[in-house]
Amino acid sequence: GEWTLYIYNHSGGSSTVSKWSLIIEYDNSTPKDPPTTSGTEYSGSSFSVSGQQVTRGTLTISDTGTITDINLMMSGSSYISSLDISLISPYGTAVKVISQGSLDGNAYDDMVLDDEASKAIADGSVPYLASFRPTEALSGFDSEEMKGEWTLYIYNHSGGSSTVSKWSLIIE
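Definitions and cut-offs
- Each chain carries its own residue numbering, running from 1 in the written order of its sequence.
- With pLDDT at 70 or above as the cut-off, local features in this predicted model cover only qualifying residues; side-chain atom pairs require 80 or more to be listed or tallied, and sums for whole chains, interfaces and linings still use all residues.
- Based on all heavy atoms of the structure, the side-chain values leave hydrogens and waters out of the count.
- Secondary structure counts use DSSP, requiring at least four H or I residues in a row for a helix and at least two E residues in a row for a strand, with both numbered from the N terminus.
- Here the rule is simple: two strands pair whenever DSSP picks up at least two bridges between them.
- To get an axis, a line is fitted to the C-alpha atoms, and for a helix only the part in contact is used. The angle between two axes follows their N-to-C directions and goes from 0 to 180 degrees.
- Whenever Lys or Arg places a side-chain nitrogen within 4 Å of a carboxyl oxygen from Asp or Glu, that contact is recorded as a salt bridge.
- Whether a residue is buried, partly exposed or exposed follows from its accessible area with a 1.4 Å probe, protein chains only, as a fraction of its type maximum: under 20%, in between, or over 50%, in that order.

## Considerations on the environment of T30
Move 1: When you line up the elements, T30 lands in the segment before β1 (40-44).
Move 2: Linking T30 and T40, residues 10 residues apart in sequence, is a C-alpha distance of 29 Å.

## Considering the pairing of strand β9 (residues 148-156)
Move 1: Relative to β9, strand β3 (residues 54-61) is paired through 8 bridges, and the arrangement is antiparallel. Counted as the bridge partner of I61 is G148 from β9.
Move 2: The pairing of strand β5 (residues 83-88) with β9 spans 6 bridges and is classified as antiparallel. Bridging across to β9, I88 finds its partner in T151.

## Looking at the sheet that holds strand β6 (residues 94-98)
Move 1: Read from one edge of the open sheet, 4 strands run β3-β9-β5-β6, paired in antiparallel fashion. Where the open sheet ends on each side, the last strands, each with one partner, are β3 and β6. Strand-to-strand twist across the sheet, computed as the mean angle between neighbouring axes with direction ignored, equals 20°.

## Some details on the pattern of salt bridges
Pairing of side chains with opposite charge becomes possible as their charged atoms draw close.
Move 1: Per the counting criterion, the structure on display carries 2 salt bridges.
Move 2: D110 is the salt-bridge partner of K166, the closest N and O atoms lying 2.8 Å from each other. With K166 in strand β10 (residues 162-171) and D110 in strand β7 (residues 107-113), the pair connects residues that are 56 residues apart, well separated along the chain.
Move 3: A relative accessible area of 26% places D110 in the partly exposed class.

Listed below in structure tokens is the structure:
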């Protein structure tokens, strides 16, 4: 399989990794199955988040069905500690998934907000490569119809700009 090396540079300066490798000890036993993500993933477009403004990203789902579980996956960078992030359903239900100050550093990558995660988002650390419980429970969307326009609503408290490079909803 493919292995990925993630590096987060806290200094902001550039550096180079000229080469890397893995040394793996193994035996002939049967490996565990890798973790899987159940549900269907619906992806939104990347967008810039202006400083001291509200920015919205939208995602339209044309499939129909009743939500039994929903998770939000996001990647982005810059001024992340200054962000308030809410997800708004087509029916107007709003859930604050990240409160200002919950994130630290300058990046989050493939961060999954999931009510069933063992660690709260406020207890995470950059680059947030895992699943975390959101500020408010995403179960507020359970039993709603998934079809319609979803809005990722972001208020950036800082004067600098930020980016959401990708985001998606994973719905069961």
